[in-house]
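# Observations on chain architecture
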Amino acid sequence: MKRTMSKEENSKDIEMHADFGVENKGFDQEGEDGSKPAEGEGETTSVQLSAFEAADGLSELDYTPIKPYAGMPKEVLLQYSTQACYRLPREILFWLTVLCTLVLVAVTATIIALSPQCLSWWQSSPVYQIYPRSFQDSDQDGVGDLKGIQNRLDHFVYLNVKAIWISPFYKSPMKDFGYDVEDFREIDPIFGTMEDFDNLLSSMHDRGLKLIIDFIPNHTSDKHVWFQRSRNGTEKYKDYYIWKDCESVNGTMTKPPNNWVSVFGNSAWQFDTVRGQCYLHQFLKEQPDLNFRNADVLKDMTDVVRFWLEKGVDGLRMDAVKFILEAEHLRDEPQVNPQQNPENITSHSELYHDYTESQVGLHVILQGWRQVMDEYSTEPGRYRFMVTESYDYEEIGRTMMYYGTSFVQEANFPFNFYLLDLPESLSGRACYDLVKLWMSNMPKGYWPNWVVGNHDNPRIASAVSRKYVNVINMLLLTLPGTPTSYYGEEIGMENIAVSEDQIQDPFGKFDPSENRDPFRSPMQWDSSPNAGFSEANKTWLPVHPEYQTCNVMMQRNDSSSPLALYRTLTALRDSELSLHRGWVCLVWSDADVFAYVRELDGLSTAFLIVLNLGNGSTTDLTAVVPELPREASVRVSTLPGSKKTVSLAAIKTERGEGLVLEYHTRQPIHEVSRFRENCFVSEKACYFSALGILYKNC
């Protein structure tokens, strides 16, 4: 419907121009000249429709203005948004948001830059060694196997242990119980199948457990295909082993190439009738040494490393690494006793091993394997751990070389076997000396570790006494670094008696006094026949006759048992930063007692560990360390029913007793000048209590 506008309405404030734009001057706060509109203006408006009049005949239209409302046209909102009362708050909020974002990014970057690196799995958990023949039998043949280990994984969860090292399970003739490898890529049938291994590894990872396996680079079995091809003269494999001419009569060696002696005794050379030469074996004659000066050997063994990393194993223990290279000149090694008749030298200990151990080039090989493992360590949470085994005895400098350098990493740590000597002279002073020996020689910033038992050494309870099992486990689990426990030590298992006709160990067969079978008896799980290890009629080694009073099941029900203490200490180690990664200060030692402090910069809570490795004693530590408080609370004791608090001026300890004492202080012992030479830290960090975080560069 058409209607007309009056001329008065046509002169009002809203105009529609020829370009179809709309201008509503009724919303203007000020005129174009800056003046305020007069009162009453804008109440009615008119629209100029000159462009539309010709189109539809309309000349006038009444319009009533309205106030702003949600959903108004964009043009109106844009006019309001430019006004100062709206623009300034918006800009202030925008720049505050930008500033807060920048501050948050800066604070996050600072925290990341100042935070110490998180401890890896091999640093945060004890390592538990399994000797697979003796842990758990699943197929009733009297020998432990991989399925058996899988069936017992809950034991490690119970112990708060997350890293498991399994001794060799490769296909082998078992002349040295798996250390003579016939095939590095196969599982020996006695332990199961590759499918069993895959299932075990998967089950471990499902429980958050890590697997370390043995890698045996120095030698193979004489049944290995490489050795068979080498002795037959197959071109590629001719120099895979160390062959030398030697004198022989009727297939028996009469004069070896030199005087080198095997670790197991007698000459390290063996005549091979097929090739007509002698080959080197630093262990059994069934374990010929590989020739790592041959590039093909190094490549093939590196491929073995890759094979198991591809499988998903979390770490490798490099076995007997110091024997990997030998001097090419093959000179006789010097005699320990120059007056001894050379014809009578049959023992490894009768020579200085200048040409068969720790040769130049050894560390280059190990560094190469570390680099391969680093290739598989890029995935978060899947760092691949490497530890070396090398008994260097008094030559601790050689051992420390396996850490690598500040430029090239090698092992995460070499096994520390020095505490294995503790039973020879058990005392507080001897323990102090052995701990300080490692900590003072270890390169700065590297990670320590401690071993008190393994498959080559007597069990603690037999080497010293049952009385000292708990205190030595307390030592192991409260020192800084990574502790390694041998299976059964958590319950205080003892050696078994093995008669000469029962000996299985090849070293023991050569010298019964060196037999290692007593330390390898079946694990004692419960009071059932064969200690719950096997349902077979006979086990590969006898079970300890006292297994009914010393087993896992019985000790799980006893809060004062060695197992309960072990579990308490692993949980404490997990929960307390001072024990996890703090300083250690060796504050006292005498014939009976060894005491040390564990503390962390910025954390007021500290721990004093007092270990009695001799006879009953009363120790006044406040006279030696006046910075300590007069009293401390007992956090853990090896003896049940201990007092809740202890006076540090008179700490009474019984033979074989250990105490973890907790106290609060503002004066760290490592800052006291007279103790600085006895205080050590691996990865220094400080605690910022206000934010509850750790930071470095403190």
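Residue positions within a chain follow its written sequence, with the count starting from 1. In view of the model being predicted, local features appear only for residues whose pLDDT reaches at least 70, and side-chain atom pairs are presented and counted only at 80 or more, with totals across whole chains, interfaces and linings using the full set of residues. Remark: hydrogens and water are excluded; side-chain values derive from all non-hydrogen atoms of the structure.

With that settled, consider the pairing of strand β5 (residues 127-130). Burial here depends on accessible area, computed with a 1.4 Å probe over protein chains only, as a share of the maximum for the residue type. Under 20% is buried, over 50% is exposed, and the range in between is partly exposed. Runs of E in the DSSP output that reach at least two residues are strands. Runs of H or I that reach at least four are helices, and both are numbered from the N terminus. Residues V127 and Q129 point to one face of β5 and Y128 and I130 to the other, with burial holding for every one of them. The sheet contact formed by β5 and strand β19 (residues 482-486) spans three bridges and is parallel. In the strand pairing of β19, Q129 is matched with Y486. Note on pairing: DSSP must find at least two bridges between two strands before they are called paired.

Spatially, eight strands are ordered β17-β16-β15-β9-β6-β5-β19-β18 in an open sheet, and the strand pairing comes out parallel. Every interior strand has two partners, whereas the edge strands, β17 (413-414) and β18 (449-451), have only one. Note on contacts: a residue pair qualifies if any of its non-hydrogen atoms lie within 4.5 Å across the two residues. Where helices are involved, their axes are fitted lines through C-alpha atoms of the stretch in contact, as for all axes, and angles between N-to-C directions lie from 0 to 180°. Lying on the sheet, helix α11 (residues 362-375) is in contact with β9 (210-215), β15 (315-318) and β16 (385-388); it crosses β16 at an angle near 160°.

As a further point, take the nonpolar core. F197, W308 and W369 are the most contacted members of the largest nonpolar core, which has 136 residues in total. For W308, the contacting residues outside a window of four places in its chain are F169, Y170, F184, R185, I187, M194, F197, I213 and V313. Residues C585, L628, I651 and V672 belong to the second largest nonpolar core, which totals 23 residues. Think of a nonpolar core as a cluster: buried Ala, Val, Leu, Ile, Met, Phe, Trp, Tyr and Cys residues, connected wherever their side-chain atoms sit within 4.5 Å.

Below, the discussion takes up a nonpolar patch on the surface. Taken together, the side chains of L88, I92, L93, L96, L99, V103, V107 and I111 make up a nonpolar region of the molecular surface, amounting to roughly 700 Å² of accessible area. Tracing the sequence through the fold places L96 in helix α4 (residues 84-114). A patch consists of residues whose relative accessible area exceeds 30% and which take part in no salt bridge; residues with like charges are grouped when within 9 Å of each other, and nonpolar side chains (Val, Leu, Ile, Met, Phe, Trp, Tyr) when within 5 Å. Where accessible areas are quoted, they stem from the Shrake-Rupley method and a 1.4 Å probe; at the residue level, only the protein chains shown are allowed to cover. The term salt bridge refers to a side-chain nitrogen of Lys or Arg lying within 4 Å of a carboxyl oxygen of Asp or Glu.

This part is about the state of the cysteines. In a disulfide, the sulfur atoms of two cysteines are held together by a covalent bond. A pair of cysteine sulfur atoms is labelled a disulfide when the two atoms are within 2.5 Å. Scanning all chains against the criterion turns up two disulfides. The disulfide that involves C585 links it to C679, with 2.1 Å between the sulfurs. The S-S bond linking C585 to C679 shows a torsion near 120°; that makes this disulfide right-handed. Residue C585 is found in strand β20 (residues 583-589), and its partner C679 is found in strand β28 (residues 679-680); the two are separated by 94 residues along the sequence. Residue C585 is classed as buried on the basis of its relative accessible area, which comes to 0%.

If you check the backbone angles, A320 has positive phi at about 50° while not being a glycine. Topologically, A320 is positioned in the loop between β15 and α11. A positive phi angle, close to 50°, is found at S358, a residue other than glycine. Here S358 lies in the loop between β15 and α11. For S358, a relative accessible area of 24% gives the class partly exposed.

With that settled, consider the packing of helix α8 (residues 194-206) against helix α10 (residues 295-311). Between α8 and α10, whose axes approach to 11 Å, the crossing angle comes to 55°. Taken as axis vectors, α8 and α10 run oblique relative to one another. Residues M194, F197, D198 and L201 of α8 lie in contact with α10, whose contacting residues are F307, W308 and K311. In this scheme, roughly parallel covers angles under 35 degrees and roughly antiparallel covers those over 145, while 65 to 115 is roughly perpendicular and the rest are oblique.

This part takes up the side chain of D145. Locating D145 in the fold gives a position in the loop between β5 and α6 (146-151). Look at D145: it is buried, it has no salt bridge, and the nearest opposite charge is K147 at 7.9 Å. Here a polar contact means two N or O atoms within 3.5 Å. Within protein one must be a hydrogen donor candidate and the other an acceptor candidate, and residues neighboring in sequence count only if both atoms are side-chain atoms. Engagement of the side chain of D145 in a polar contact is seen with the backbone nitrogen of G148, the distance being 2.8 Å. Aside from chain neighbours lying at most four places away, what touches D145 is P132, Q136, D137, S138, D139, I190 and F191. Charge counting treats Lys and Arg as positive and Asp and Glu as negative, with His and both chain ends excluded.

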